[in-house]
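Reading the structure
Here is how the chains run, residue by residue.
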Amino acid sequence: MITMAAAVMSMMACSNVPPPEPYGAIPSPAQVAWQKMETNMFIHFGPNTFTGSEWGSGKEDVEVFAPTDLDCRQWVRTARAAGMKGVIITAKHHDGFCLWPNPMSSHTVARSTWMDGKGDILRDLSEACREYGLKFGVYISPWDRNDPTYGTDGYNEVFRKTLDSALGEYGEVFEQWFDGACGEGPNGKVQAYDWDLYHRTVHRHQPDAIIFSDVGPGCRWIGNERGIAGETCWSTLDTAGFEAGRSPHRDILNTGNAGGQAWVPGEADVSIRPGWFWRESENSKVKTLSQLLEIYYGSVGRNSLLLLNVPPDTRGRIHETDSLRLMEFRSALDKIFAVDLSDGAAAEASQTRGGSGKYSPANMLDDDYDSYWAADDGITASSLTFTLDGPKTFNRILLQEYIPLGQRISRFSVDVLADGRWTKAAEGTTVGYKRILLTDTVTATAVRINIEESFACPVLNGFGLFMDNMMAADGNEDGRISRRCTLMPAGRPHVLDLGQIRTVNGFFYEPGNNGQGGSIICYDLETSTDGKTWTTILKDRMFDNIVNNPVLQEVRFSSPSEARYLRLTPTRTELPDTYSIARFGAL
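Residues numbered from 1 in each chain as written. Predicted model: local features only at pLDDT ≥ 70, side-chain atom pairs only at ≥ 80, totals over all residues. Heavy atoms only, no water.

Per the secondary structure count, the protein includes ten helices and 24 strands. For 587 residues, the compact-globule estimate of 2.2 N^0.38 gives 25 Å, and the C-alpha radius of gyration of the protein, at 26 Å, lies within 12% of that figure. For the protein, the C-alpha atoms occupy an extent of roughly 100 × 55 × 45 Å along the three principal directions. For the protein, the residues scored as buried account for 57% of the 587 residues in total. Of the roughly 24000 Å² that the protein leaves accessible, carbon and sulfur atoms contribute 49%. Across the protein, the 56 positively charged side chains and the 75 negatively charged ones have centroids separated by 3 Å. (Helix = DSSP H or I, 4+ residues; strand = E, 2+ residues; numbered from the N terminus. Rg over C-alpha atoms; globule rule 2.2 N^0.38 Å. Buried < 20%, exposed > 50% of the residue type's maximum accessible area, 1.4 Å probe, protein only. Areas by Shrake-Rupley, 256 points an atom, 1.4 Å probe, with all protein chains shown as cover. Lys, Arg positive; Asp, Glu negative; His and termini not counted. Charge placed at Lys NZ, Arg CZ, Asp CG, Glu CD.)

Rendered as structure tokens:
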């Protein structure tokens, strides 16, 4: 009887082992729910869809916005079929044009003849999202190239009322996207944004909305527009002294800060096309399946959320090419992750918190997000072994950290038991909400996770093994080919000889190797028939958004020019000393 009582007391003691205390900055419940969405759809739509611009001038006639068959329900159906959980629409881009009847602006759908001035895309899209069970979000650019008060103190009140209108009339908004872009240049208007006012306004209408900007506070830009988070990716960030548009270096945004003061997880935004708005010329340039899978592993698989832009065409519908690629993408993910090869495994750990089954490593194999393995306080290195129920062939290893208690792990490795011998298959730094490790294809009977460094006792709630036969199915894609990159001293012109006099309708420019070496931001373009006498065709023009999205840009002349030579002279460059050229040519 004494022995039985002791055993009962021991079991009770184990079951009463308290959970680990949260470590450092932790996510709000809304941020955890946001992270679980994993993939959302971005919708860039507006006058730029019809003009071919990336950044509109704000001087466009409202009549240019003329979709012929707009169907927001088609957008949402497509997003849902692609497995996405939310949709974010560019309600107001930098040109200031509003896709809803914003009473603070004269540059809106209400001033156009489309739908007799009664159109309201925010209403249509929010209703479609509710109908199909997706979350609804809005992008509202604080930069406004149309509003006459922009650049004055009065603009902040105009923008506040714009937020009131967009956030107070259309139901729940899960994410408010603030773009920090401003391409006014050194001689342009300077606007002191009242970010505290903007944030208070958002939370007054939408208390649970995740606010995106360079530095959050809800989630942060990942530092590039390629959709790729850092191999190291912390959800914590030091934000003191920074604000949207004045953020830490992009490398910091890409990786976050270990032990950062605020929980500001990464959001990786990327377009399915080279540009953000639809262009007919890019129908053949939609990203391949392999590229999309590479982006998925580089975003969701690196502790970030993927925001994939799929821009509607001039009809107001997602183009067939984009839709088909999305369905291929969804099908591939379903096939890759349909079978978890760790099912049936036996789990053991070198140390379990309090010896309690409540924190067993077997919790990492169930489907309950809130059950997890944990080590004792003070333990910062540990190992877990998963013995499989037979030889399994895989090349993807999934790990998940239980982020409601903070992000802790800073270095780990993975060994596999194959042919009776343990070998290292992968290693990494951070885990976070989800980490998917890409390994060589291996057949193994056991997998060992070695947590080598952790800021507090490690806490893991997910493990899985998967086989990806899809990623290389469509062969080599352009995104993996390293293009020739010519570096030029800043300010030095680049001259192109066409070999003979030709009729030139425009030109194209692409920075080298994803912008490494710096991009040209502003430029002069001249033509000549003899290389001696030059005619200025374009003066102090800007390549829109080229620093963030260093892809090929085409520029059309207002009228053809007879030329043998083209001279491109940078007037403003990303870097002070150099600029790069991968491709420069005539149209």
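Once you've had a look at it, read on.
Counting 74 residues, the largest nonpolar core has W75 and I89 as the members making the most contacts within it. Among all residues touching W75, those that are not within four sequence positions of it are M41, I43, F45, L70, I89, I121, L125, P312, G316, R317 and I318. Ranked by size, the runner-up nonpolar core spans 28 residues in total, among them F386, L399, V442 and I449. (Core = buried A, V, L, I, M, F, W, Y, C linked by side-chain atoms within 4.5 Å. Contact = heavy atoms within 4.5 Å.)

Before going further, it helps to examine the packing of aromatic side chains. Overall, the coordinates contain 39 aromatic pairs when judged by the stated rule. Each ring, one from Y150 and one from Y193, has its centre 6.3 Å from the other, and the planes form 55 degrees; the classification is tilted. With a gap of 43 residues between them, Y150 in the loop between β3 (135–140) and α6 (154–167) and Y193 in the loop between β4 (175–177) and α7 (195–205) connect regions that are remote in the sequence. Comparing Y150 with Y193, the two get one shared label, buried. Between Y369 and Y433, the ring centres sit 6.3 Å apart and the planes meet at 35 degrees, which makes this aromatic pair tilted. Of this pair, Y369 sits in the loop between β11 (346–349) and β12 (373–374) while Y433 sits in the loop between β15 (421–428) and β16 (435–454), placing them 64 residues apart in sequence. (Phe/Tyr/Trp six-rings, centres within 6.5 Å; stacked < 30°, edge-to-face > 60°.)

Before going further, it helps to examine the pattern of salt bridges. Tallied over the entire structure, the rule returns 30 salt bridges. For R411, the salt bridge identified is with E453, shortest N-O distance 3.1 Å. With R411 in strand β14 (residues 409–418) and E453 in strand β16, this residue pair connects regions lying 42 residues apart in the sequence. Judged by its relative accessible area of 36%, R411 falls in the partly exposed class. (Salt bridge = Lys/Arg side-chain N within 4 Å of Asp/Glu carboxyl O.)

Another point: the sheet that holds strand β22 (residues 553–573). Strands belonging to one sheet form pairs held by backbone hydrogen bonds; the direction of such a pair is parallel or antiparallel. The sheet built from five strands is open, its strands ordered β21-β20-β22-β19-β24 with antiparallel pairing. Strands at the two margins of the open sheet, each flanked by one partner only, are β21 (535–542) and β24 (583–586). Strand-to-strand twist of the sheet, defined as the mean angle between neighbouring strand axes without regard to direction, takes the value 35 degrees. As defined by bridge partners, strand β19 (residues 494–510) adjoins β24 across four bridges and the pair is classed as antiparallel. Residue pairing across strands places E510 opposite R583, the latter belonging to β24. (Pairing = 2+ DSSP bridges. Axes fitted to C-alpha atoms, helices over the stretch in contact; angles between N-to-C directions.)

What follows covers the side chain of T49. Within the secondary structure, T49 sits in helix α3 (residues 47–51). Residue classification places T49 among the buried residues on the basis of a relative accessible area of 3%. Those residues within four positions of T49 in sequence are excluded, and the remaining contacts are H44, F277, W278, P312, D313 and T314.

Together, D343, D366, D367, D368 and D370 give the surface a local cluster of negative charge. Position of D368 relative to the elements: it lies in the loop between β11 and β12. What makes D368 partly exposed here is its relative accessible area of 42%. (Patch = residues over 30% accessible without salt bridge, like charges linked within 9 Å, V, L, I, M, F, W, Y side chains within 5 Å.)

Another aspect to go through is unusual backbone geometry. A cis amide bond links G216 with the next residue in sequence, P217, at an omega value of 25 degrees. You can see P217 is positioned in the loop between β5 (210–213) and β6 (219–221). Despite not being glycine, N303 has its phi angle at roughly 70 degrees, a positive value. Mapped onto the secondary structure, N303 falls in the loop between α9 (289–299) and β10 (304–309). Even without being a glycine, N545 presents a positive backbone phi close to 60 degrees.

Okay, the packing of helix α4 (residues 72–81) against helix α5 (residues 121–132) next. Interaxial distance between α4 and α5 falls to 8 Å at its minimum, and their mutual angle equals 40 degrees. One finds that α4 runs oblique with respect to α5. Once α4 is placed against α5, the crossing between them reads as right-handed. Contacts between α4 and α5 involve C72, R73, W75, V76, R77 and R80 from the former and I121, D124, L125, A128, C129, E131 and Y132 from the latter. In the contact of α4 with α5, the residues fall into eight nonpolar, no polar and five charged. (Parallel < 35°, antiparallel > 145°, perpendicular 65-115°, else oblique. Left-handed = near helix turned anticlockwise from the far one by under 90°. Nonpolar A, V, L, I, M, F, W, Y, C, P; charged D, E, K, R; others polar.)

Spanning 14 residues, α6 covers 20 Å between terminal C-alpha atoms, matching the ideal 20 Å at 1.5 Å per step. Of all 14 residues making up α6, eleven are buried, and the element is well covered by its neighbours. Buried residues of α6: Y155, N156, V158, F159, R160, T162, L163, D164, S165, A166 and L167, and no others. Of the surrounding secondary structure, the elements contacted by the buried residues of α6 are β2 (86–92), α5, β3, β4 and α7. (Expected span 1.5 Å × (residues − 1).)

As a further point, take the sheet that holds β2. Judged by pairing direction, the barrel is parallel, and its eight strands sit side by side in the order β1-β2-β3-β4-β5-β6-β9-β10 before closing back on the first. Strand-to-strand twist of the sheet, defined as the mean angle between neighbouring strand axes without regard to direction, takes the value 25 degrees. In terms of strand pairing, β3 meets β4 through two bridges, oriented parallel. By the bridge assignment for β4, Y139 is matched with W177. Against the sheet, α4 touches β1 (39–43) and β2, its axis set at about 155 degrees to β1.

Now for α5. For α5, spanning twelve residues, the distance from its first C-alpha to its last is 16 Å, which sits close to the expected 16 Å at 1.5 Å a residue. When α5 is considered as a whole, its buried residues turn out to be I121, L122, L125, S126, A128, C129 and Y132. Down the axis, α5 shows its buried residues gathered within 160 degrees of arc, on one side only. In this fold, the buried residues of α5 make contact with α4, β2, β3 and α6. Structurally, the start of α5 carries an N-cap: the backbone nitrogen of L122 is 3.2 Å from a side-chain oxygen of D120. Downstream of α5 by one or two residues, G133 has phi in the positive range, about 80 degrees. (Arc of directions from axis to C-beta. Polar contact = N/O pair within 3.5 Å; in protein donor to acceptor, adjacent residues only side chain to side chain.)

Geometry only, nothing functional implied.
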